[in-house]
Amino acid sequence: MCNSTMFLSSIVCSCHPEVMYCLLHASSSPCPTSKQTMKYRYTVEELKKFPEAVQKRIPEMRKWTNEINSLKGRSEKPLVEDLEKLAERAVSNKFTETDEYRQLRSVIDKANQCIKITNQLVAIKRRSGRVHNTSPALKISIDELDNFLKQVTELPCHVPDSTLLQEHYVRIVEFTER
């Protein structure tokens, strides 16, 4: 019995129909060739269409990959929404088994986490400025804020309100150094 994956074809014999062999190992079957049958998943016509279908997908894949690479070279960081649109296109075009998609998804996830924390930290500032906000406050030390801002700065995309948070951090540091 063969342990190969028999995606396109296999050989079975009438003596033991539950046992399948790949084409390479069909000769190791104890049954005579006259009792063996080749099973296949696709017709020759269907197989001929495979390269054409792949060729049609290549330009879209290249375009998508080039868009991702062009974002890396820009001086202005892209918005998370732009990255999410690229990820949605990857899903709709079934490009999700690529390193580029996995990296993109990782950046989006990290950015969304940073946006959530930034929103909570900005809410603290707004509360202290007497602007009413009902979201839960997040308490963080100056060192933790410094590390968080470094993490935000290293992201390859723009995090809304990060500039406001950076300005707030500078004022806090100046205040503590007095």
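If you're wondering where the values come from, they're calculated on a predicted model, not measured in any experiment.

> How should the pairing of strand β1 (residues 9-13) be read in this particular structure?
A regular strand carries its side chains on alternate faces of the sheet. Burial analysis of β1 places 5 of its 5 residues in the buried class, which makes it a mostly covered element. Of the two faces of β1, the one carrying Ser 9, Ile 11 and Cys 13 and the one carrying Ser 10 and Val 12 are both buried. Here 5 bridges tie β1 to strand β3 (residues 36-40), and the two strands are oriented antiparallel to one another. Bridge pairing in β3 places Ser 10 opposite Lys 39. In terms of strand pairing, β1 meets strand β2 (residues 20-21) through 2 bridges, oriented antiparallel. For Val 12, the partnering residue across the bridge sits in β2 and is Met 20. Hairpin connection, β1 to β2: the antiparallel pair is bridged by 6 residues.

> I tried to follow the pattern of salt bridges on my own but got confused; where do I start?
For side chains bearing opposite charge, pairing can occur when the charged atoms are close. Within this structure, the stated rule accounts for 6 salt bridges. Taking the shortest distance from any N to any O, the salt bridge between Arg 89 and Glu 60 comes out at 3.2 Å. In this pair, Arg 89 is assigned in helix α2 (residues 80-92) and Glu 60 in helix α1 (residues 44-73), connecting sequence segments 29 residues apart. Between Lys 150 and Asp 146 there is a salt bridge, with the nearest N and O atoms lying 3.3 Å from each other. Remark: Asp 146 and Lys 150 occur in helix α4 (residues 142-154); sequence separation between them is 4 residues, near one turn of the helix. We classify Lys 150 as partly exposed; its relative accessible area is 44%. Each member of the salt-bridge network shares a partner with another, and the members are Glu 60, Glu 67 and Arg 89.

> Would you explain the packing of aromatic side chains in this entry?
Describing an aromatic ring pair means giving the distance of the ring centres and the angle of the ring planes. Evaluated as defined, the whole model comprises 2 aromatic pairs. Taken together, a centroid distance of 4.9 Å and an interplanar angle of 75° make the contact between Tyr 42 and Phe 50 edge-to-face. Of the residues examined, Phe 50 reaches a relative accessible area of 35% and is grouped as partly exposed. Between Trp 64 and Phe 95, the ring centres sit 5.6 Å apart and the planes meet at 50°, which makes this aromatic pair tilted. Placement of Trp 64 in helix α1 and of Phe 95 in the loop between α2 and α3 (99-128) is noted, with a sequence separation of 31 residues between them. Look at Trp 64 and you get buried, because its relative accessible area is 0%.

> Teacher, can you tell me more about the nonpolar core here?
Judged by nonpolar contacts, the single largest core of 26 residues is most densely connected at Trp 64, Leu 83 and Leu 104. Breaking this core down by element, the ones donating at least two residues are α1, α2, α3, α4 and α5 (162-176).

> Would you mind showing me how to read the packing of α1 against α2 here?
Helix-helix packing: each pair is described by the crossing angle between the helix axes and the interaxial distance. At their nearest, the axes of α1 and α2 sit 11 Å apart, and the two run at 160° to each other. On the basis of the axis angle, α1 is roughly antiparallel to α2. Handedness of the α1/α2 crossing: left-handed. For the pair α1 and α2, contact is made by Glu 60, Lys 63, Trp 64, Glu 67, Ile 68 and Leu 71 and by Leu 83, Leu 86, Arg 89 and Ala 90, respectively. Split by residue class, the contact of α1 with α2 holds 6 nonpolar, no polar and 4 charged.

How each quantity is defined
Residues numbered from 1 in each chain as written. Predicted model: local features only at pLDDT ≥ 70, side-chain atom pairs only at ≥ 80, totals over all residues. Heavy atoms only, no water. Buried < 20%, exposed > 50% of the residue type's maximum accessible area, 1.4 Å probe, protein only. Helix = DSSP H or I, 4+ residues; strand = E, 2+ residues; numbered from the N terminus. Pairing = 2+ DSSP bridges. Salt bridge = Lys/Arg side-chain N within 4 Å of Asp/Glu carboxyl O. Phe/Tyr/Trp six-rings, centres within 6.5 Å; stacked < 30°, edge-to-face > 60°. Core = buried A, V, L, I, M, F, W, Y, C linked by side-chain atoms within 4.5 Å. Axes fitted to C-alpha atoms, helices over the stretch in contact; angles between N-to-C directions. Parallel < 35°, antiparallel > 145°, perpendicular 65-115°, else oblique. Left-handed = near helix turned anticlockwise from the far one by under 90°. Contact = heavy atoms within 4.5 Å. Nonpolar A, V, L, I, M, F, W, Y, C, P; charged D, E, K, R; others polar.

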